Amino acid sequence: MELEMEDDNLDKYSDKKKLLDRAPKPRKGGLRTIPLIIVNESLEKVASYGLMPNMIFYLTKDYHMDIASGSIILSLWGATSNALGIFGAFLSDSYLGRFRVIVLGSVFSFLGISLLWLTATIPYLKPPPCDQLKHNCYSPTSTQLSVLVSAFGLISIGAGCIRPCSMAFGADQLDNKENPNNERILQSFINWYYASTGFSAIIALTVIVFIQDHWGWQVGFAVPAILMVVSILVFLLGSSMYVRVKPSQSLFTGFVQVLVVAYRKRKISLPPNEYDGSLHQDVELEALSLSDDLRWLNKACITKDPERDLTPDGSPSNPWALCTVEQVNALKAFLRVIPMWSTGIIFLLSMGQLSFSMLQAKAMNRHITSNFEIPAGSFIVFMILTVMIWVGLYDRILVPLLAKHARLPHGLSPKVKIGIGLLLSCIGNVIGAMIESVRRQRAILEGAEMSAIWLIPQFTVLGLAEGLNPTGQLEFYYSQFPKSMSSIPMALFAMASAVSSLVGSILLKVLDGVTGKGGKESWLSSDLNKGHIDYYYCLIAFLGVLNFVYFLFCCRAYAYSKEDKNRVYDKIDGETDYRE
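Residues numbered from 1 in each chain as written. Predicted model: local features only at pLDDT ≥ 70, side-chain atom pairs only at ≥ 80, totals over all residues. Heavy atoms only, no water.

## Structural notes on the overall build of the protein
To keep it simple, the criterion reads: Comment: elements are numbered from the N terminus, with helices defined as DSSP H or I runs of at least four residues and strands as E runs of at least two. The classification of residues rests on relative accessible area computed with a 1.4 Å probe and restricted to protein chains. Under 20% of the type maximum is buried, over 50% is exposed, and intermediate values are partly exposed. Between two residues, a contact is recorded if the distance between any of their heavy atoms is within 4.5 Å. Accessible areas in this description were obtained via Shrake-Rupley with a 1.4 Å probe; residue shielding takes into account the shown protein chains only.
The helix and strand inventory of the protein stands at 18 helices and 0 strands. In the protein, buried positions account for 47% of the 580 residues. Taking as baseline every contact in the protein between residues at least 6 positions apart, the subset at least 24 positions apart corresponds to 80%. For the protein, the accessible surface area stands at approximately 29700 Å², while carbon and sulfur atoms represent 63% of it.

In C-alpha cells, the structure reads:
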C-alpha cells in the first residue's frame, strides 16, 4: 500500500514537472520596456541640454574667458560629442551590445555632470572672482582648465554612448516578426521617441535654465546630476526584461575591408562578365549586380581560388582577403552621398551660432512683466516650437494638399527640402545681423535696451530651416542606401555635426585673430557694443550662399530615379492613406 502511494506521488511530481517544462517562458522585451528606455533618454537630454544654453555665461563670468575662447571651447565640446556618437554606435554593434553601452554612457554622463558641479562648488577648481576696484581678473590655471575639460569630455562620452543606441535598443524590444502589427508599433515608438525628445529639450531650456539663473550654478548643475542618477536607476529596473541583441560586425568595418581588399587586388583584371561566377555573393542573400561607378572597388569581391578563399558553407575564409558584392555596393552608396552630405556642414555651422544669440538676448530687455523676464538661454525654445509645429502642419496638412493639387503624393522631394533649408538658414542669419546692428546702434547712441522679442523672427526662420534640411538629408540618404545600411544616415548626420563644430571653432579662432590684429577691437569682443557680431552673422550668411551654389552643382551629380523616390518613402513614411 505504501509503495502504491509512493508511485502515485512520483507520477504526480512527474506530471507537474512536465507541465512546468511546457509552460511558456515570459517573453522579453515588448511595450513594457519602452517607458524605461524613453525615460532614460529623456532625462539624459534634459540633463545635457540644460547645461548648454547658459554655459557661455559660466565660461565668461566664472572662468573669465572672452567670448571667442568660450565659443571655441563649446564648439569643440559639440564636435567631440557628435564624433563620439560614431564611436558609441561602433562599440555597441561590434563589441559590447547596446544595453552595456547605454549603461556605460549613463555612468559617464553622471560623472561628467558631477565633476562640473564640483567646479561650481569648490572654489579652488575655478579662478577667484574679479577685483572690481582694480579691474583685474585672473585667468584659469592649467589644472582648473583640465578639470573643466575633463567634465566636458566625460559628458561627451556619455552622450556618444547613449544617443546612437537608445532608439535602436527600443526597436530591439519591439522587433517581433510574429506580430502582424509590428511595423505600426515600431512607427508609434519612433513618434513617441521624437515627441519625448522635443519635450525634454523644452524642459531643459526652460526649467533647468530658470534654475541656473535664479539659484546659481551649484543648484543648476546639481539638478542635472540628480536627473542622471534617476535615469540610470530607471533604466536598470528593466535589466531582466530587455532583449539584448548580440553584437556583430560593424558596417564601417566592412567598408574598411573593401578598401583593403580592393587595394591588395589592384593588379587583378576585372572579369568581362560579372555573371561568370567569379564574383562572391552572400550565400544568405539574393544575387546582386555590381554598379558601374567606382569599378576599381569591384576587385574586392573577385574570387581567385574558390577552394582557398571560401569555407565549405560558402562564406569567405578571410574577410580581409575577399568581400561580398553587397559590401562593395554598400561602400559605393556611402561614397556617392558624400558630396551632398558635405553641404550639411555649412548648414549646421549657420545653425550653431546659439551662443551669440544667447549673448544678444542677455544684452536686451527680456521682461514680460515688471517682475518676470525670460531667461536668455530659454529663447531657443521658440526655435524648437517652430520645428514641432512645422512638422505637424507639413505631415498632416501640407502633404495631403500637395498630393491632391500638385501631384506630389509624397510631398516635397528630399533635395527640395535640403535646398529650402539652406536658403532659410541664410535668411535667418541675415535677420540676426539686422537685429544686432539695430540693437548695437540703440545701445551706443541712445543707451536704450532693445526688446528681446525681436529675436523671435530669427529663431522662427531657423526653426523652419531645421524642420526642412535635416529631414531632407535623411530622406536622401535612405533613397541612396540599401536596406542593410539603414543605421548609416543618423551616423552621417552626427559626423556632419562634429565636422561643422570643428570648422566653427577654427573659423572663430581665425576671425578673432584677424579682426583683432593691431590692437583693434575684435568682431567677437566680450563687449557686444564694441564688437561686431552683426558682421559675423553676415559672414556666415555669405558662406551659406556659397554653400547653396555648391549644393546646386551636387544636385546635377545625382540621377534621382523614380525607383529611388519610391524606396525612400517605403522606408520612412509609414502607412498613411494619401501616400500609397
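## Some words on the packing of helix α4 (residues 67-96) against helix α6 (residues 142-174)
Note the following rule: Note on method: axes are straight lines fitted to C-alpha atoms, helices fitted across the in-contact stretch only, with angles between N-to-C directions ranging 0 to 180 degrees. In this scheme, roughly parallel covers angles under 35 degrees and roughly antiparallel covers those over 145, while 65 to 115 is roughly perpendicular and the rest are oblique. In a left-handed crossing the near helix is turned counterclockwise from the far helix by less than a right angle, and in a right-handed crossing that turn is clockwise. Residues are sorted three ways: Asp, Glu, Lys and Arg are charged, Ala, Val, Leu, Ile, Met, Phe, Trp, Tyr, Cys and Pro are nonpolar, and all the rest, Gly among them, are polar.
Running from N to C, α4 and α6 point in directions that differ by 45 degrees, and their axes come no closer than 7 Å. Relative to α6, α4 is oriented oblique. Considering only the axes of α4 and α6, their crossing is right-handed. Residues I73, W77, T80, S81, L84, G85, G88, A89 and S92 of α4 touch α6, and the partners they reach there are F152, I155, S156, I157, G160, C161, P164 and C165. In terms of residue class, the contact of α4 with α6 is built from 10 nonpolar, 7 polar and no charged.

## Re the environment of L297
Note that L297 resides in the loop between α8 (251-264) and α9 (306-309). Classification of L297 by relative accessible area gives buried; the value is 0%. For the pair formed by L297 and R266, sequence separation is 31 residues and the distance between their alpha carbons is 8.8 Å. When neighbours within four sequence positions are excluded, L297 is seen to be in contact with V258, L259, A262, V328, L331, K332 and L335.

## Remarks on the pattern of salt bridges
Rule in force here: Only one rule defines a salt bridge in this text: a Lys or Arg side-chain nitrogen within 4 Å of an Asp or Glu carboxyl oxygen.
Evaluation of the coordinates by the stated rule reveals 5 salt bridges. With a shortest N-O distance of 2.2 Å, K45 and E41 are connected by a salt bridge. Linking K45 with E41, this pair stays in helix α2 (residues 34-49), spanning 4 residues, or about one helical turn. Overall, the relative accessible area of 6% leaves K45 in the buried class. Since its relative accessible area comes to 1%, E41 is described here as buried.

## A few points about the side chain of R440
Cut-off, in case you're wondering: None of His or the chain ends enter the tally, which takes Lys and Arg as positive and Asp and Glu as negative.
If you trace the backbone, R440 turns up in helix α14 (residues 414-445). Comment: no salt bridge for buried R440; closest opposite-charge side chain is D534, at 5.5 Å. In this structure R440 touches L528, N529, K530, G531 and H532, once residues within four positions along its chain are discounted.

## A short note on a nonpolar patch on the surface
Applied cut-off: Here the term patch refers to residues with relative accessible area over 30% and no salt bridge, with like charges joined within 9 Å and nonpolar side chains (Val, Leu, Ile, Met, Phe, Trp, Tyr) within 5 Å.
On the surface, a cluster of nonpolar side chains totalling about 530 Å² of accessible area is made up of L385, M388, I389, L393, I397 and L401. When you line up the elements, M388 lands in helix α13 (residues 380-405). Owing to a relative accessible area of 40%, M388 belongs among the partly exposed residues under this scheme.

## Some details on the confidence of the model for the protein
Segments scoring low in pLDDT should not have their predicted coordinates read at a detailed level. Just so we agree on the cut-off: Values of pLDDT, ranging from 0 to 100, describe the predictor's confidence in every residue of the model.
Across the protein, the average pLDDT comes to 81, with 83% of residues at 70 or higher. Taken together, the stretch residues 16-26 has pLDDT below 50 and engages in 0 contacts with residues farther than four places along the chain or on a different chain. Counting contacts from residues 560-580, a segment whose pLDDT is below 50, to residues more than four positions away or on other chains yields 44 contacts.

## What about the state of the cysteines?
Which entries qualify depends on this criterion: The definition used for a disulfide is geometric: two cysteine sulfur atoms within 2.5 Å.
Taken as a whole and judged by the stated rule, the model has 1 disulfide. There is a disulfide in this structure between C130 and C137, and the S-S distance comes to 1.9 Å. In this structure, the disulfide formed by C130 and C137 twists by about 120 degrees around the S-S bond and is classed as right-handed. Classification of C130 as partly exposed rests on a relative accessible area of 23%. The structure places no disulfide on C323, whose sulfur is separated from the nearest cysteine sulfur, that of C301, by 7.9 Å.

## Details of the packing of aromatic side chains
So the rule is basically this: Stacked, edge-to-face and tilted labels apply to pairs of Phe, Tyr and Trp rings (six-membered ring for Trp) whose centres lie within 6.5 Å, assigned for plane angles under 30 degrees, over 60, and everything in between, in that order. Definition used: whenever NZ (Lys) or CZ (Arg) falls within 6 Å of the ring centre and also within 35 degrees of the ring normal, the charge is taken to sit over that ring.
All chains considered together, the criterion is met by 19 aromatic pairs. When the centroid spacing of 5.1 Å and the interplanar angle of 55 degrees are considered together, the rings of F356 and Y536 count as tilted. Placement of the pair is F356 in helix α12 (residues 354-362) and Y536 in helix α17 (residues 533-556), with a sequence separation of 180 residues. Residue F356 is classed as buried on the basis of its relative accessible area of 2%. Between W523 and Y535 the ring centres are 5.3 Å apart and the planes differ by 70 degrees, which places this aromatic pair in the edge-to-face class. One end of the pair, W523, is in the loop between α16 (488-515) and α17; the other, Y535, is in helix α17, with 12 residues separating them in the sequence. The structure contains a cluster of three or more aromatic residues connected by ring pairs, namely Y58, Y63, W217 and F221. One cation-aromatic arrangement involves R244 over F99; the distance from NZ or CZ to the ring centre is 3.9 Å. Above the ring of F57, the side-chain terminus of K362 is found at 5.0 Å from the ring centroid.

## Some words on unusual backbone geometry
Its identity is not glycine, yet H64 carries a phi of approximately 55 degrees, on the positive side. Structurally, H64 can be placed in the loop between α3 (55-62) and α4.

## Thoughts on the packing of α4 against helix α5 (residues 98-121)
Their axes nearest at 8 Å, the elements α4 and α5 cross at an angle of 135 degrees. The orientation of α4 relative to α5 falls into the category oblique. In the packing of α4 onto α5, the handedness of the crossing is right-handed. Contacts between α4 and α5 involve G88, L91, S92, D93 and L96 on the former and, on the latter, R98, R100, V101 and L104.

## Quick notes on α12
Given 3.6 residues to a turn, an α-helix orients residues that are three or four positions apart in the same direction. Within α12, 7 of the 9 residues are buried, which leaves the element mostly enclosed by the surrounding structure. Looking only at α12, the buried set comprises S355, F356, S357, M358, L359, Q360 and A361.

## A closer look at the environment of F152
Position of F152 among the secondary structure elements: in helix α6. Given a relative accessible area of 4%, F152 falls into the buried group. Expressed as a C-alpha distance, the spacing of F152 and T80, which sit 72 residues apart in the sequence, is 9.2 Å. Beyond its immediate stretch of four places on either side in the chain, F152 contacts M55, L59, I73, W77 and L116.

## Description of the environment of L507
Its place among the elements puts L507 in helix α16. On a C-alpha basis, the gap between L507 and I72 in space is 9.0 Å, while along the polypeptide they are 435 residues apart. Dropping the residues within four chain positions of it, L507 is found in contact with L349, Y536, L539, I540 and L543.

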